[in-house]
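Structural features, examined
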Amino acid sequence: MSQSIPNPENVARFVLDNGLVVLVRENPSAPVAVLEGYLPAGAIHDPADKVGLCSFVAAMVTRGSAHYDYATFNETIEAIGANLTVAADTHVTSFNITSLSEDFPTMVQVLADVLRRPTFPQEHVERVRRQKLVRIQERDQDTQSVAILRFYEAIYGDHPYGRSVSGYTETVSAIRREDLEAFHQARYTPQGAILAVSGHVQAGAVLDLLAQHLGDWQGPAPAQDVPPPPPRESAQRLDYPMPGKYQADIIVGCQAVSRQHPDYYAVRVANTVLGQFGMMGRLGEEIREEQGLAYYAYSTLDAERAGGVWLASAGVNPANVERAVAAIEEQFRRLAEEPVGEDELADSQAYMTGVLPLTLETNEGVASTLLNMEWYGLGLDYLLRYNDLIYGVTPEDVQRVARLYLRPDRAVTVVAGPPGDG
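Note that the structure is predicted; figures quoted are calculated from it, not measured. (Residues numbered from 1 in each chain as written. Predicted model: local features only at pLDDT ≥ 70, side-chain atom pairs only at ≥ 80, totals over all residues. Heavy atoms only, no water.)

Within the chain, the regular secondary structure consists of 15 helices and 11 strands. Relative to a compact globule of 422 residues, whose C-alpha radius of gyration would be 22 Å, the chain shows 23 Å and is just as compact. Within the chain, buried positions represent 53% of all 422 residues. Taking the contacts inside the chain whose residues are at least 6 apart along the sequence as the reference set, 81% of them involve residues at least 24 apart. Carbon and sulfur atoms make up 49% of the accessible area of the chain, which amounts to about 18100 Å² in all. (Helix = DSSP H or I, 4+ residues; strand = E, 2+ residues; numbered from the N terminus. Rg over C-alpha atoms; globule rule 2.2 N^0.38 Å. Buried < 20%, exposed > 50% of the residue type's maximum accessible area, 1.4 Å probe, protein only. Contact = heavy atoms within 4.5 Å. Areas by Shrake-Rupley, 256 points an atom, 1.4 Å probe, with all protein chains shown as cover.)

Turning to the side chain of N18, a few remarks are in order. By secondary structure assignment, the location of N18 is in the loop between β1 (11-15) and β2 (21-26). Dropping the residues within four chain positions of it, N18 is found in contact with P190, Q191, L214, G215, W217 and Q218.

It is worth spelling out the UniProt feature "domain: Peptidase M16 C-terminal" (unreviewed entry) in the chain at this point. Residues annotated by UniProt as "domain: Peptidase M16 C-terminal" (unreviewed entry) correspond here to residues 175-349. Secondary structure across residues 175-349 comprises 42% helix and 22% strand; the distance between its end C-alpha atoms is 46 Å. (UniProt positions renumbered as here; feature names shortened; annotations may be inferred.)

Further remarks concern the pairing of strand β6 (residues 194-199). By the criterion of burial, β6 is predominantly enclosed, with six of the six residues buried. Sheet topology note: the strand β3 (residues 32-39)/β6 ladder contains six bridges and is antiparallel. Across the sheet, residue Y38 finds its bridge partner in β6, namely I194. (Pairing = 2+ DSSP bridges.)

The next thing to look at is the packing of helix α2 (residues 70-79) against helix α3 (residues 104-116). Relative to each other, α2 and α3 sit at 155°, their axes nearing to 11 Å. Accordingly, the angle class assigned to the pair α2 and α3 is roughly antiparallel. The way α2 lies across α3 gives a crossing that is left-handed. Contacts between α2 and α3 involve F73, T76 and I77 from the first element and T106, M107, V110 and V114 from the second. For the contact of α2 with α3, the class distribution of residues is five nonpolar, two polar and no charged. (Axes fitted to C-alpha atoms, helices over the stretch in contact; angles between N-to-C directions. Parallel < 35°, antiparallel > 145°, perpendicular 65-115°, else oblique. Left-handed = near helix turned anticlockwise from the far one by under 90°. Nonpolar A, V, L, I, M, F, W, Y, C, P; charged D, E, K, R; others polar.)

If you walk across this open sheet you meet the six strands as β1-β2-β6-β3-β5-β4, and the pairing is mixed. The open sheet is flanked by β1 and β4 (83-88), the only strands paired with a single partner. The average angle at which neighbouring strand axes cross in this sheet is 10°, direction not considered. Set on the sheet, helix α13 (residues 363-375) makes contact with β1, β2, β3, β5 (93-100) and β6; between it and β3 the angle comes to about 25°.

The next point concerns the layout of surface pockets. Taken as a whole, the largest pocket spans an internal volume of roughly 770 Å³. Along the wall of the largest pocket there are 23 residues; nearest its centre are Y264, R268, L356, Y382 and Y386. Counting only elements with at least two residues in the lining of the largest pocket, the list comes to α9 (264-275), β9 (294-303), α12 (342-359), α13 and α14 (382-391). Ranked by residue count, the leading element in the lining of the largest pocket is α12, at five residues. Here the residues of the lining of the largest pocket sort into 13 nonpolar, seven polar and three charged. Considered as a void within the structure, the second largest pocket measures approximately 530 Å³ in volume. For the lining of the second largest pocket, the secondary structure elements donating two or more residues are α5 (143-156) and α13. In terms of residue count, the dominant contributor to the lining of the second largest pocket is α5 (six residues). Residues of the lining of the second largest pocket, tallied by class, amount to 13 nonpolar, eight polar and six charged. (1 Å grid on protein atoms, 1.4 Å probe; cavity = no way out; pocket = protein on both sides within 12 Å on 5 of 7 lines; lining within 4 Å. Points joined across faces, edges and corners; volume = space filled by probe spheres on them.)

Looking now at the environment of A303. Examined against the element boundaries, A303 turns out to sit in strand β9. Note: C-alpha distance between A303 and V110 (193 residues apart in sequence) is 33 Å. In contact with A303, not counting residues within four places along its chain, are V257, S258, R259, Y264, G308 and Y376.

The next subject is the pattern of salt bridges. This model, assessed by the stated rule, comprises 19 salt bridges. Put simply, D140 and R139 hold a salt bridge, and the shortest N to O gap is 3.2 Å. A residue is classified by how much of its surface remains accessible, and R139, at 14% relative accessible area, is buried. One salt bridge in this structure joins R237 and D239, with 3.0 Å as the shortest N-O distance. R237 gets classed as partly exposed once you look at its relative accessible area, which sits at 35%. On the accessibility criterion, D239 (43% relative accessible area) is partly exposed. Several salt bridges share partner residues, and in doing so they unite R237, D239 and E322 into one network. (Salt bridge = Lys/Arg side-chain N within 4 Å of Asp/Glu carboxyl O.)

In this section: the nonpolar core. Of all hydrophobic cores here, the largest spans 66 residues; its most connected members are I250, I287, W310, V316, I328, L335 and V398. Domain assignment of the residues forming this core places at least three in each of domain 1 (12-215) and domain 2 (236-417). Ignoring sequence-local partners within four residues, the contact set of V398 consists of V269, A270, L335, V340, L345 and V393. Formed by 51 residues, the second largest nonpolar core is a distinct cluster that contains I97, V172, L195 and L209. (Core = buried A, V, L, I, M, F, W, Y, C linked by side-chain atoms within 4.5 Å. Domains from an automatic or database assignment.)

The description of an aromatic ring pair uses the distance of the two centres, along with the angle that the planes make with each other. In total, this model carries eight aromatic pairs according to the counting rule given. Each ring, one from F151 and one from Y152, has its centre 5.5 Å from the other, and the planes form 90°; the classification is edge-to-face. As far as the burial class goes, F151 and Y152 line up, both buried. These aromatic residues form a ring-pair network of at least three members: F151, Y152, Y156 and Y161. Over the aromatic face of Y376 sits the side chain of R259, whose NZ or CZ is 5.5 Å from the ring centroid. Directly above the ring of W375 sits R305, whose terminal nitrogen or CZ lies 3.8 Å from the centroid. (Phe/Tyr/Trp six-rings, centres within 6.5 Å; stacked < 30°, edge-to-face > 60°. Lys NZ or Arg CZ within 6 Å of the ring centre and 35° of its normal.)

Here it is, written out as structure tokens:
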């Protein structure tokens, strides 16, 4: 078992002199190579009046760099049937390359140029801006997207976690080419960056390749400190009427734990019981299957570095909004007041531990898992400890964290859908 999953014996870890961390898992089963990476530049670094800046930069770096203008970039990628993407998230800018092993050196060369030397051509700045504004318009007309967006704004307030990663019409419209250049110069840095590689490669050769293209890269120290979100002391209900819609989307959620919090695994297991296992846990079973109130119902734990939220989502007929909200809150109370049964808990734990090997069957899954292990400082033996972490959660733990965090008296409830009763 220990040889079948990534662990300290089969994962090589290097740190370049410029601070860039490299993880390599050799997998000769197929002639492909996958690289997943993080730069410590995220939406938390966006100025308040230019929210969406990090996302804009990520969208622009593949639009032209010192040695690959837009046409040359696409011709190079398409000629070898590879893939290269860059995207922004709350704390990081992520990137990915997938290619045949024989083309991996070419892709690393392109990636290095894209990350280090983007040129931000003005023509593409305006083109990408128009695309972003159209997507924001589409987002603002989707009931589920609006419910999610307004929930995070409400529960986090002015904290950076409350902002949209992609931004808003007025903030994206305000971003200038100079802002893109300045953000790249200040935030794109090898210090704190992580690259995880899995595939038909040799660890030593990968290290030499990355040192050749990224080893002389220098940049400022990363800044990832974010204050904890201010605690909520009361409940809040927000309704967003959207004329012309036929479905209402509901979010009911509470502040919970960060990824590093000691209660993280207890909350994860409790969340699986509540709204993940089987037909989406108790929420899916009771609200959708038994009561027929929702088209979908499930729960999510979103744990970031400085805080997290635990939320339930449901899409319903507008006539069923109040009954669905009440049903969600009833499941919150049930998890807090009644000990979860041994069989129900065991089924959820078996599901959580059984899914893990499936995610490690692909090079994408291995590279992504290694990347997150390094990002959260979990250690290369994390996967060896994973089953114990999940099976170490008891019925008392589930009840305790539900009572502690699933507080209807402090929950934020957001409903986006047709006005009135639909």
